[in-house]
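Breakdown of the fold
Read off the chains here:
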Amino acid sequence: MDTSERVAYRDAIRQVYRALEHRSHHLHEALQKAATEQEASEIRTRIDEVRHVLEIVHSLHR
C-alpha cells in the first residue's frame, strides 16, 4: 500500500515530466520555424537540455 507522501511524490514527478514533454514539443515546433541556422542551433541545444532533464526525472521515477 502506498503512503500519501509516495502518491504525492509520484504525482509531482508525473507533472514535471509532462511539463518537460510539453516544452520539448514546443521547441520542436520552433525548430521547424527557425529563421536562421544560429537560431536553429540554439533551439537544438535547448532540446538536448530538456531531453537530459527528462532522463533525470525518469530516473527519479524508478
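Residues numbered from 1 in each chain as written. Predicted model: local features only at pLDDT ≥ 70, side-chain atom pairs only at ≥ 80, totals over all residues. Heavy atoms only, no water.

Let's talk about helix α1 (residues 4-32)
Selection criterion: A run of H or I in DSSP counts as a helix once it spans at least four residues, and a run of E counts as a strand once it spans at least two, with each numbered from the N terminus. The span one expects for a helix is its residue count, reduced by one, times 1.5 Å. The cut-offs for exposure are 20% and 50% of the maximum accessible area for each residue type, with area from a 1.4 Å probe on protein chains only; residues under the lower value are buried, those over the upper are exposed, and the others partly exposed.
Taking 1.5 Å per residue as the helical rise, α1 with its 29 residues ought to reach 42 Å, and the 42 Å between its terminal C-alpha atoms agrees with that figure. Those residues of α1 lying buried are Ile-13, Leu-20, Ser-24 and Leu-27.

Considering the environment of His-28
Test applied: Think of a polar contact as two N or O atoms within 3.5 Å of one another; within protein, one of them needs to be a possible hydrogen donor and the other a possible acceptor, and neighboring residues in sequence only count if both atoms come from side chains.
Residue placement: His-28 occurs in helix α1. As for His-28 and Arg-44, which are separated by 16 residues in sequence, their C-alpha atoms are 8.3 Å apart. Looking at His-28, its side chain comes within polar contact range of the main-chain oxygen of Ser-24, at 2.8 Å.

Thoughts on a nonpolar patch on the surface
How we decide: Excluding any residue in a salt bridge, patches collect residues exceeding 30% relative accessible area, merging like charges within 9 Å and nonpolar Val, Leu, Ile, Met, Phe, Trp and Tyr side chains within 5 Å. The accessible surface values rely on the Shrake-Rupley method and a 1.4 Å probe; as for residues, cover is taken only from the protein chains in view. For this analysis, a salt bridge means a side-chain nitrogen from Lys or Arg found within 4 Å of a carboxyl oxygen belonging to Asp or Glu.
Together, Tyr-9, Ile-56 and Leu-60 line one region of the surface with nonpolar side chains, adding up to about 280 Å² of accessible area. Counting through the fold element by element, Ile-56 comes out in helix α2 (residues 37-61). What makes Ile-56 partly exposed here is its relative accessible area of 40%.

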